[in-house]
Amino acid sequence: MIGVMDSVNELTEVVGQNRMELLLFKLSGLHQRYGINVFKVREVLPCPRLTVMPKLQKFVIGVAHIRGQTISVIDLAFAIGGRPSHNVDKCFIIIAEYNRSTHAFLVSNVERILNMNWDKIMPPPKGAGDSNYMTAVTEIDGELVEILDVEKILEEISPSKLETNDLNDVYDEEFSKIIEERHPKVLVADDSRVALNQVCSAMEKMNLEVIKAHDGLEAYNILRDASLKGPVNEQIALVISDVEMPEMDGYTLCSLVRKDPILKSAYIILHTSLSGVFNLGMVSKAGANDFIPKFNPLELAKAVKKGVILSSSGKSGAELILGKKEKGEKA
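Note that the structure is a prediction, hence the values are computed from the model and not measured.

1. Things to note about the sheet that holds strand β7 (residues 101-107)
Consideration 1: A sheet is described by the order of its strands in space; here 5 strands give the open sequence β3-β6-β7-β5-β4, paired in mixed fashion. Either end of the sheet is taken by a strand with one partner, and the two such strands are β3 (41-46) and β4 (60-66). Strand after strand, the sheet turns through a mean of 30° between neighbouring axes, direction not considered.
Consideration 2: Where β3 lies against strand β6 (residues 92-98), 5 bridges are found, and the strand directions are antiparallel. By the bridge assignment, valine 41 is partnered in β6 with alanine 96.

2. Side note on the pattern of salt bridges
Consideration 1: Under the definition given, this model contains 11 salt bridges.
Consideration 2: We note a salt bridge from arginine 33 to glutamate 143, for which the minimum N-O separation is 3.3 Å. Taken together, the positions of arginine 33 in strand β2 (residues 33-37) and glutamate 143 in strand β10 (residues 143-148) put the pair 110 residues apart, joining distant regions of the chain.
Consideration 3: Glutamate 97 is paired through a salt bridge with arginine 42; the nearest N and O atoms lie 3.2 Å apart. Here arginine 42 lies in strand β3 and glutamate 97 lies in strand β6, a separation of 55 residues in the sequence.
Consideration 4: Beyond isolated ion pairs, a larger network of salt bridges with shared partners links Arg33, Glu111, Arg112, Asp141 and Glu143.

3. A look at the packing of aromatic side chains
Consideration 1: One pass over the structure, following the stated rule, counts 3 aromatic pairs.
Consideration 2: Judged by centre distance (6.2 Å) and plane angle (25°), the ring pair of phenylalanine 25 and tyrosine 34 falls under stacked. Here phenylalanine 25 and tyrosine 34 have matching classes, each one buried.
Consideration 3: Above the face of the tyrosine 133 ring, lysine 152 is positioned so that its terminal group lies 4.7 Å from the ring centre.

4. Considering helix α4 (residues 173-182)
Consideration 1: Among all positions of α4, only Phe175, Ile178 and Ile179 are buried. Down the axis of α4, the buried side of the element spans an arc of 100°, and every buried residue falls inside it. The outward face of α4, more than 90 degrees from its buried face, is lined by the exposed residues Glu173, Glu180 and Glu181.
Consideration 2: Considering only its buried residues, α4 is in contact with α10 (297-312).
Consideration 3: Its side-chain oxygen 3.3 Å from the backbone nitrogen of glutamate 174, aspartate 172 forms the N-cap of α4.
Consideration 4: Just downstream of α4, histidine 183 is the residue with a positive phi angle, here 50°.

The rules behind the values
- Residues numbered from 1 in each chain as written.
- Predicted model: local features only at pLDDT ≥ 70, side-chain atom pairs only at ≥ 80, totals over all residues.
- Heavy atoms only, no water.
- Pairing = 2+ DSSP bridges.
- Helix = DSSP H or I, 4+ residues; strand = E, 2+ residues; numbered from the N terminus.
- Axes fitted to C-alpha atoms, helices over the stretch in contact; angles between N-to-C directions.
- Salt bridge = Lys/Arg side-chain N within 4 Å of Asp/Glu carboxyl O.
- Phe/Tyr/Trp six-rings, centres within 6.5 Å; stacked < 30°, edge-to-face > 60°.
- Buried < 20%, exposed > 50% of the residue type's maximum accessible area, 1.4 Å probe, protein only.
- Lys NZ or Arg CZ within 6 Å of the ring centre and 35° of its normal.
- Arc of directions from axis to C-beta.
- Contact = heavy atoms within 4.5 Å.
- Polar contact = N/O pair within 3.5 Å; in protein donor to acceptor, adjacent residues only side chain to side chain.

Here's what the structure looks like:
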């Protein structure tokens, strides 16, 4: 337990410093280099023996039995529009956690881990279109590296479904009255188009007005502009922010908001596919009001309802965090 907490303390030192570690790899038949955040990666292994099962999705080339767990192996090159990988027995798999599930991604080779600043991670070039699988790009050794939108890939393999009935349990007289009288706005920040659309769809089904941002810097500027009209928590009921975003990550956004006297009253929910004790330690240090792993619509809706009610009562996001810490509760 002591070792785990020491690791948490070391990792939380990067909160507010806008840094991340990128695992670089290549895919079969493609010359481009790609990247994934190390926080998502559990381990990297030579591709084990795969069991082929009937009626698997076409991008799933088999299942592997690893440390007592059966994991589907996704041919990443094939999933993003390339040809099916060859010489699979010479490839590697990246085992990672996304949206509360473990996945294995087949890659041709893994190169290295690079520590870098999020402001060096940029949004995809304008004109790239919606059909690409980039969530961000960066330049390393004079070469463009694509950071893949894994959430989009997983959504195409196994689409999620959100029904209006899923959110019926959220509504009560108090919440409905706030919606009717105040028309609260929710700022949603996420660099993944799929994740952004999922959250916005859930918010719209709750009859909340949505403001979209594609990274932390854009969200920060929207909050600053909103504050010119009055207290920020009266202009925007709450912020739902991803953690991994180009230019400014969610931890840094949250940290900057808490340090800004004009913005610190904002109520912030961090909503991320990252999971585990490390992320919880960072959330607490950054000063978020709540943390919801992706993507459970009902769980998110309940957290949003709570935030909207607290924000509408005039309570400051910063004061609510302080109150929790004084009581020894999770921030």
